[in-house]
Amino acid sequence: MLRTIDTPIGPLLLTADADGLSRVDFVAIQLGRDGTSKGHRETNQVRGEVSGEVNGGIDKRGADILDAAQEQLAEYFAGHRREFDLPLNPAPTTEFRALIHAQLDTISYGEVSSYGELAAAVGRPAATRAVGTACGANPLPIIRPCHRVLRSDGTLGGYAGGLDIKRFLLTLEEN
């Protein structure tokens, strides 16, 4: 199931099934040459990536998960939530990426870590670039807080939603 929600950082496209939230996508709106809006990540492209039958109880469970995700994200953006309590069901990934994604959950609200610290935490201290790639492939940004990962010199590094959004999220958590 898919749902687009409005947030202070723009629309987010949430994807869930009966087992949990599987994706959070930034949907940056851009104007085309004809003046109509186009999503940065086209909704139809994401829909094509979602598979499986949705019916009956599965449909209800997925809708309940999307409701909870929408509510918890609203609380987060309002400054009232510091941790998410949602069932997660991201698509399978490599073992290394899964380790990094799990490490993201250990970075507390308002805290930051570095690519190097995450690499060391999973026993691969030389793999800082691979950590950056794993963070960029995080299917659950904000929920699994890859925005809290910085370069070792304290600069922002990259972010799938863009550096303005990363800066916004870090500033939100400072308060």
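Owing to the predicted nature of the structure, the values given are computational and were not obtained by experimental measurement. (Residues numbered from 1 in each chain as written. Predicted model: local features only at pLDDT ≥ 70, side-chain atom pairs only at ≥ 80, totals over all residues. Heavy atoms only, no water.)

J.: In this structure, what is going on with the overall build of the protein? I would like to understand it.
T.: A tally of regular secondary structure across the protein gives six helices and seven strands. Start at the N end of the protein and walk to the C end: the helices and strands fall as β-β-β-β-β-α-α-α-β-α-α-β-α. Relative to its 175 residues, the protein shows a buried fraction of 39%. Put simply, of all contacts in the protein between residues at least 6 apart along the chain, 59% involve residues at least 24 apart. By element, 47% of the accessible surface of the protein is carried by carbon and sulfur atoms, the whole surface being about 9600 Å². (Helix = DSSP H or I, 4+ residues; strand = E, 2+ residues; numbered from the N terminus. Buried < 20%, exposed > 50% of the residue type's maximum accessible area, 1.4 Å probe, protein only. Contact = heavy atoms within 4.5 Å. Areas by Shrake-Rupley, 256 points an atom, 1.4 Å probe, with all protein chains shown as cover.)

J.: How should the side chain of Arg144 be read in this particular structure?
T.: For Arg144, the location among the structural elements is in the loop between α5 (128-136) and β7 (149-150). Judged by relative accessible area, Arg144 falls into the buried class, the value being 15%. With sequence-adjacent residues up to four places away left out, Arg144 is seen in contact with Leu88, Pro90, His101, Leu104, Asp105 and Asn138.

J.: Quick question: what am I supposed to make of the environment of Phe96 here?
T.: In this fold, Phe96 is placed in helix α3 (residues 95-104). Note: C-alpha distance between Phe96 and Val131 (35 residues apart in sequence) is 8.5 Å.

J.: Looking at this model, I keep getting lost on helix α6 (residues 163-174). Mind explaining?
T.: Within an α-helix, residues lying three or four positions from one another point in the same direction, as the helix has 3.6 residues per turn. Compared with an ideal rise of 1.5 Å per residue, which puts 12 residues at 16 Å, α6 spans 16 Å between its outermost C-alpha atoms and is within 8% of the ideal. Regarding α6, the residues found buried are Ile165, Lys166, Leu169, Leu170, Leu172 and Glu173. All buried residues of α6 project into a common sector of 155° when viewed along the axis, lining one side. Across from the buried face of α6, at angles greater than 90 degrees, the exposed residues are Asp164 and Glu174. (Expected span 1.5 Å × (residues − 1). Arc of directions from axis to C-beta.)

J.: Explanation requested: the pattern of salt bridges in the structure shown.
T.: Two side chains carrying opposite charge are able to pair once their charged atoms lie near each other. Under the definition given, this model contains seven salt bridges. Across the pair Arg144 and Asp105 runs a salt bridge whose closest N-O atoms are separated by 3.2 Å. Here Arg144 is found in the loop between α5 and β7, whereas its partner Asp105 is found in the loop between α3 and β6 (113-114), with 39 residues between them in sequence. Residue classification places Asp105 among the partly exposed positions, given a relative accessible area of 43%. (Salt bridge = Lys/Arg side-chain N within 4 Å of Asp/Glu carboxyl O.)

J.: Would you explain the sheet that holds strand β1 (residues 2-5) in this entry?
T.: Hydrogen bonds between backbone atoms are what pair the strands of a sheet, whose relative direction is either parallel or antiparallel. Pairing is antiparallel in the open sheet, where three strands are placed in the order β1-β2-β3. The open sheet has two free edges, formed respectively by β1 and β3 (20-26), since each of these has just one partner strand. The mean inter-strand angle of the sheet, taken between neighbouring strand axes irrespective of direction, is 25°. Direction of pairing for strand β2 (residues 12-17) relative to β3: antiparallel, over a ladder of six bridges. (Pairing = 2+ DSSP bridges. Axes fitted to C-alpha atoms, helices over the stretch in contact; angles between N-to-C directions.)

J.: Whenever I open this one, the environment of Asp6 confuses me. Can you help?
T.: Mapped onto the elements, Asp6 comes out in the loop between β1 and β2. For the pair formed by Asp6 and Gln70, sequence separation is 64 residues and the distance between their alpha carbons is 9.3 Å.

J.: What am I meant to see in the pairing of β1 here?
T.: The two faces of the sheet receive side chains in turn, since in a regular strand these alternate between them. Note that β1 and β2 share four bridges and pair antiparallel. Counterpart to Ile5 in the pairing with β2 is Leu12. Hairpin remark: β1 followed by β2, antiparallel, with six residues in the connecting loop; positive phi at Gly10, about 105°.

J.: Where do I start with the packing of aromatic side chains in this structure?
T.: The geometry of an aromatic ring pair is captured by the separation of the ring centres together with the interplanar angle, meaning the angle of the planes. Under the definition given, this model contains four aromatic pairs. Look at Tyr76 and Phe84: their rings are 5.5 Å apart centre to centre, the planes differ by 45°, and that puts the pair in the tilted class. Among the residues examined, Tyr76 registers a relative accessible area of 0% and is labelled buried. Exposure remark for Phe84: the relative accessible area of 19% places this residue in the buried category. With 6.2 Å between their ring centres and 85° between their planes, Tyr76 and Tyr109 make a pair best called edge-to-face. In this pair, Tyr76 sits in helix α2 (residues 56-77) while Tyr109 sits in the loop between α3 and β6, placing the two residues 33 residues apart along the sequence. Here Tyr109 falls in the buried class, since its relative accessible area comes to 11%. Each member of the aromatic cluster is reached from another via a ring pair, and the members are Tyr76, Phe77, Phe84 and Tyr109. (Phe/Tyr/Trp six-rings, centres within 6.5 Å; stacked < 30°, edge-to-face > 60°.)

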